[in-house]
Amino acid sequence: SQTIHQWPATLVQPVGSPLSLECTVEGTSNPNLYWYRQAAGRGLQLLFYSVGIGQISSEVPQNLSASRPQDRQFILSSKKLLLSDSGFYLCAWSLAKNTEAFFGQGTRLTVV
Amino acid sequence: DQQVKQNSPSLSVQEGRISILNCDYTNSMFDYFLWYKKYPAEGPTFLISISSIKDKNEDGRFTVFLNKSAKHLSLHIVPSQPGDSAVYFCAASARSGAGSYQLTFGKGTKLSVIP
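This write-up is about the structure you can find in this document. Being a predicted model, the structure only gives us computed values, none of them experimental.

Quick look at the interface of chain B and chain A
With 20 residues of chain B in contact, the opposing surface of chain A contributes 23 residues. Interface area, chain B with chain A, both sides summed: about 1,700 Å², of which 57% is carbon and sulfur. If you look at where chain B meets chain A, you find zero salt bridges. Between the two partners, chain B and chain A, sit five residue pairs in polar contact (both at pLDDT 80 or more). The set of elements that each furnish at least two residues to the side of chain B that touches chain A consists of strand 4 (32–38), strand 5 (45–51) and strand 9 (86–93) of chain B. Partitioned by chemical class, the residues of the side of chain B that touches chain A number 10 nonpolar, six polar and four charged.

Here you go:
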């Protein structure tokens, strides 16, 4: 069966520090991968999606970037965190031709 | 402009009664709709979905109704149980065209089932 792992679960980082959140999927090949952010009162906002290695699409302009160095690995990064980057970050995957997305456990990021 | 709207941020229901969560959308290209359930500090879990060619889909205690002309869908939970207390997200997708696998989410409705 497919599983998705996302870490760390919680993170407190100072303003201006870098960020790296990692997500890996097991049990499937060539999944679509997604990074979402849940901020207070804003629901789930799609940040990035990837349909293959090295292919990244950004949905909203922001202080963040994403990379997909391997088929089942998706990384969310920032060079310098802002206070507004605080939120709950979720990685998700779906099969290429399906719409149902399956989410990781999320990372609670607090920028102080 | 939000394309998927959940206008009720919260809902309280007595255990055993029906919970009705509502969702409206504006994009006529959406043809696939999903409901997700989310507990605090966890990722959302997929609950139930419906294609635009249907007006109802049922799975156990959960039923989703779709009214295409009104661009409205609802999730019914009968009977409601305390374990159903969570945030419920409505999501939509346009399954054809570029980026057809992307989901657009509403802001969520927090359901509290009172024992």
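With respect to the pattern of salt bridges
Residue and element names in this part refer to chain B. What the rule picks out here adds up to three salt bridges over all chains. The residue arginine 61 makes a salt bridge to aspartate 84 at a minimum N-O spacing of 2.8 Å. Of the two residues, arginine 61 is situated in the loop between strand 6 (56–59) and strand 7 (62–67) and aspartate 84 in the loop between strand 8 (72–77) and strand 9; the sequence distance between them amounts to 23 residues. Judged by relative accessible area, aspartate 84 falls into the buried class, the value being 2%.

What to know about the sheet that holds strand 3 (residues 19–26) of chain A
Residue and element names in this part refer to chain A. Read from one edge of the open sheet, four strands run 1-3-8-7, paired in antiparallel fashion. On the outer flanks of this sheet lie strand 1 (3–7) and strand 7 (65–70), each paired with one strand and no other. Geometrically, the sheet is characterised by an average inter-axis angle of 20° between neighbouring strands, direction not taken into account. Judged from the six bridges that link them, strand 3 and strand 8 (residues 73–78) form a sheet pairing that is antiparallel. Of the residues in strand 8, the one forming a bridge with serine 20 is serine 77.

Analysis parameters
- Every chain's residues receive numbers from 1 upward, in the order its sequence appears when written.
- Chains and ligands are labelled by the order in which they are written, letters from A for the one and numbers from 1 for the other.
- pLDDT decides what is reported in this predicted model: residues at 70 or higher carry local features, side-chain atom pairs at 80 or more are listed and counted, and totals for whole chains, interfaces and linings draw on all residues regardless.
- With hydrogens and water excluded, all non-hydrogen atoms of the structure serve as input to the side-chain values.
- Contact definition: two residues touch when any of their heavy atoms are within 4.5 Å.
- Once two parts are put together, the accessible area they lose, assessed with a 1.4 Å probe and summed over both, is termed the buried area.
- A side-chain nitrogen of Lys or Arg and a carboxyl oxygen of Asp or Glu constitute a salt bridge if their distance falls within 4 Å.
- Identification of polar contacts relies on pairs of N or O atoms within 3.5 Å, with a donor-acceptor requirement for protein atoms, meaning one able to donate a hydrogen and the other able to accept it, and with residues adjacent in sequence counted only if both atoms are side-chain atoms.
- We count a stretch as a helix when DSSP gives it H or I for four or more residues in a row; a strand needs E for two or more, and each element gets its number in order from the N terminus.
- All residues other than Ala, Val, Leu, Ile, Met, Phe, Trp, Tyr, Cys, Pro, Asp, Glu, Lys and Arg, Gly among them, are scored as polar; the first ten of these are nonpolar and the last four charged.
- For every residue, the accessible area (1.4 Å probe, protein chains only) is compared with the maximum for its type, and the residue is labelled buried under 20%, exposed over 50%, or partly exposed between those bounds.
- We call two strands paired when DSSP finds no fewer than two bridges between them.
- Lines fitted to C-alpha atoms define the axes, with helix axes restricted to the stretch in contact, and inter-axis angles between N-to-C directions lie between 0 and 180 degrees.

By themselves, these figures tell us nothing about what the structure is for.
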